[in-house]
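# Structural features, examined
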Amino acid sequence: MSLFEMAKIPMEKASKLINLDPNAEAVISQPERTLEVSIPVKMDDGHVEVFTGYRSQNSTVLGPAKGGVRYHQNVSMDEVKTLGFWMTTKCAIAGLPYGGGKGGIIVDPRKVSKTELEKITRGYIDKIAPVIGEKKDIPAPDVNTNAQIMAWMCDEFSKINCQFAPGFITGKAICMGGSQGRTSATGRGVITATLELLKREGIKPEDATLAIQGFGNVGSWTAKCAADKGLKIVALSDISGGIYDANGFDPYKVEEYAKNNGGVIKGYPGATPISNEEVLEQDVTVLIPAALELQITAKNADKIKAKMIVEAANGPTDAEADVILEKRGIPVVPDVLANGGGVTVSYFEWVQNLYRYFWTEEEVIDRQEQMMVKAFGNVYDAAKKYNTTMRVGAYIVALNALVEPLKLRGII
Ligand SMILES: NC(=O)c1ccc[n+]([C@@H]2O[C@H](COP(=O)([O-])OP(=O)(O)OC[C@H]3O[C@@H](n4cnc5c(N)ncnc54)[C@H](O)[C@@H]3O)[C@@H](O)[C@H]2O)c1
Ligand SMILES: N[C@@H](CCC(=O)O)C(=O)O
């Protein structure tokens, strides 16, 4: 089964529970537009390498397509289509005036120089320029992309259009028109969702322990926001492996260590080294996968000892594992809800760009929290009402938001 087919399973379950018009399901089941591009780049040694890039515009029913761009050696059209589908669902749940989309380039950024990375980035924007724009499709960061890459994209797109249009892309540095609180937004939202779940499960934050897989933008900010709220993090990991400390980590210190250690947390002083698998199997209150998709599968779902899971990454749990976790009564806050803080503050950035009027960090944090608490409540209540999981509850909320505009537009 492709990732895209697997991703649609909870939507199909939700669709049955609410007796969704089959025409709506048929429309939502396919991306509106997909694009594959070739990006020829003159490498530092003079030879030309042709990179493959994608953009999938899953839906523009609720507004322009919106979603990040991933740089990774395993990027594929299937993955980009799936991530775009999750963006449509995520934006609908968060109540944003956006559809969903996603992009990606097949490249391992660690294996190219900075000059080559800039050329690949500019080449990608040159190729997808006709289909993106602040009212068409708005890219943002994802795995292995950051504010520097957004700045190159912004600069290239501005040159192509002979005008500075910062609202065409989000996740920019503040000096490029970015928003206060965007870098930390996804992690902050993950912790808001975690606290909402702990509250409903009757667990005090000071009694909770956390294991977090991944220490990039999302994982490190999740850890820092957790520590700021008094939650104890006992296990962390990144691509180099895992670390454990029963007394809890100070993620600010771990981050400082990683900066001086080639960007990885391996070897953190005083911590017990553990494997990535062991991080997922820790006996903790909350497990937070914040790396890549398909980390919790039929192979390890039975070994999960966490009382609950909050998905910071997109698609970390596969369909078989989902069934196992449901049977075991382990609540899962799904990705399309838990990591919606990132795109929510991207939306704030876009609004600020369109108005050229900027908000304080407090305003951003306050508004993000209000929207996340509301979205969490909607999903939780839908799951309770239909006696289903929060993942299916999330799709019920999203489908309910999408069906009316589909009818009014005359699409169904
Ligand atoms: N950046 C955003 O705004 C944003 C928002 C919502 C969701 N997400 C999702 O969150 C996830 C992480 O994104 P990010 O922006 O933090 O990416 P990133 O590139 O900043 O970090 C990825 C992290 O995962 C680690 N990693 C990779 N493979 C691993 C493995 N097998 N085991 C443990 N760690 C591993 C890397 O070492 C790195 O620490 C992705 O699923 C992404 O789609 C990102
Ligand atoms: N890539 C992020 C952020 C998208 C955005 O800000 O548009 C996500 O998966 O949600």
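Residues numbered from 1 in each chain as written. Chains lettered and ligands numbered in written order. Predicted model: local features only at pLDDT ≥ 70, side-chain atom pairs only at ≥ 80, totals over all residues. Heavy atoms only, no water.

Per an unreviewed UniProt entry, the protein chain goes by Glutamate dehydrogenase and derives from Acidaminococcus fermentans.

## Some thoughts on the site of ligand 1
Neighbouring ligand 1 are 23 residues; Asp142, Asn144, Asn217, Val218 and Asn314 lie closest to it. Take Asn144: an N or O atom from its main chain is 2.9 Å from an oxygen atom of ligand 1. Within the side chain of Arg182, one N or O atom sits 3.0 Å away from an oxygen atom of ligand 1. When isolated, ligand 1 has an accessible area of 830 Å², and the protein chains bury 86% of it. Within the residue set of the shell around ligand 1, elements represented by two or more residues are helix 8 (217-228) and strand 8 (232-238). Residues of the shell around ligand 1, tallied by class, amount to nine nonpolar, 10 polar and four charged. (Near = heavy atom within 4 Å. Polar contact = N/O pair within 3.5 Å; in protein donor to acceptor, adjacent residues only side chain to side chain. Areas by Shrake-Rupley, 256 points an atom, 1.4 Å probe, with all protein chains shown as cover. Helix = DSSP H or I, 4+ residues; strand = E, 2+ residues; numbered from the N terminus. Nonpolar A, V, L, I, M, F, W, Y, C, P; charged D, E, K, R; others polar.)

## Remarks on the pairing of strand 1 (residues 33-42)
Pairing geometry for strand 1 and strand 2 (residues 48-59), over 10 bridges, is antiparallel. Across the sheet, residue Val37 finds its bridge partner in strand 2, namely Gly53. What sits between the antiparallel neighbours strand 1 and strand 2 is a turn of five residues, in which Gly46 has the positive phi angle 100°. (Pairing = 2+ DSSP bridges.)

## As for the nonpolar core
Counting residues in each nonpolar core, the largest one holds 64 residues, and the members touching the most others are Ile93, Leu210, Leu236, Ile288, Val310 and Val333. Here the element with the most residues in this core is helix 15 (residues 390-408); it accounts for 11 residues. Counting 26 residues, the second-largest nonpolar core is a separate cluster that includes Val37, Met150, Met153 and Cys154. (Core = buried A, V, L, I, M, F, W, Y, C linked by side-chain atoms within 4.5 Å. Buried < 20%, exposed > 50% of the residue type's maximum accessible area, 1.4 Å probe, protein only.)

## Comments concerning the packing of aromatic side chains
Aromatic ring pairs are reported here in terms of the distance separating the ring centres and the angle at which the planes meet. Following the criterion strictly, the structure yields 11 aromatic pairs and no others. Taking 5.9 Å as the distance between ring centres and 65° as the angle between the ring planes, the aromatic pair formed by Phe249 and Tyr268 counts as edge-to-face. Here Phe249, found in the loop between strand 9 (241-244) and helix 9 (251-259), pairs with Tyr268, found in the loop between helix 9 and strand 10 (272-274); they are 19 residues apart in sequence, far enough to count as distant. Aromatic pair Phe376 and Tyr380: ring centres 6.0 Å apart, planes at 20°, arrangement stacked. Of the two residues, Phe376 and Tyr380 are both situated in helix 14 (residues 361-385); the distance of four residues between them amounts to about one turn of the helix. Residue Phe376 is classed as buried on the basis of its relative accessible area, which comes to 0%. Note on Tyr380: relative accessible area 14%, which makes it buried. Through pairs of rings, three or more aromatic residues link up here, namely Tyr98, Tyr347, Phe348, Trp350 and Trp359. Directly above the ring of Tyr380 sits Arg200, whose terminal nitrogen or CZ lies 4.8 Å from the centroid. (Phe/Tyr/Trp six-rings, centres within 6.5 Å; stacked < 30°, edge-to-face > 60°. Lys NZ or Arg CZ within 6 Å of the ring centre and 35° of its normal.)

## Concerning the site of ligand 2
Taken together, the neighbourhood of ligand 2 is formed by 14 residues, with Lys66, Lys90, Lys102, Pro141 and Ser346 sitting nearest. Lys90 is positioned such that a nitrogen or oxygen atom in its side chain is 2.7 Å from an oxygen atom of ligand 2. Asp142 has a polar side-chain atom sitting 2.9 Å from a nitrogen atom of ligand 2. Calculation on ligand 2 without its partners gives an accessible area of 300 Å², and the protein chains cover 95% of this total. Of all elements in the fold, only helix 4 (77-94) and helix 13 (340-355) reach the threshold of two or more residues within the shell around ligand 2. Counting residues per element, the shell around ligand 2 draws most heavily on helix 13, at three residues. Taken together, the residues of the shell around ligand 2 break down into four nonpolar, five polar and five charged.

## Quick look at the pattern of salt bridges
Evaluation of the coordinates by the stated rule reveals 20 salt bridges. For the salt bridge of Lys102 with Asp142, the shortest nitrogen-to-oxygen distance reads 3.0 Å. Of this pair, Lys102 sits in strand 5 (residues 100-106) while Asp142 sits in the loop between strand 6 (137-138) and helix 6 (147-161), placing them 40 residues apart in sequence. The burial state of Lys102 is the same as that of Asp142; both residues are buried. Salt-bridge contacts for Arg122 lead to Asp155; the nearest nitrogen and oxygen are separated by 2.8 Å. Of this pair, Arg122 sits in helix 5 (residues 114-128) while Asp155 sits in helix 6, placing them 33 residues apart in sequence. Using a relative accessible area of 16% as the deciding quantity, one classes Arg122 as buried. (Salt bridge = Lys/Arg side-chain N within 4 Å of Asp/Glu carboxyl O.)

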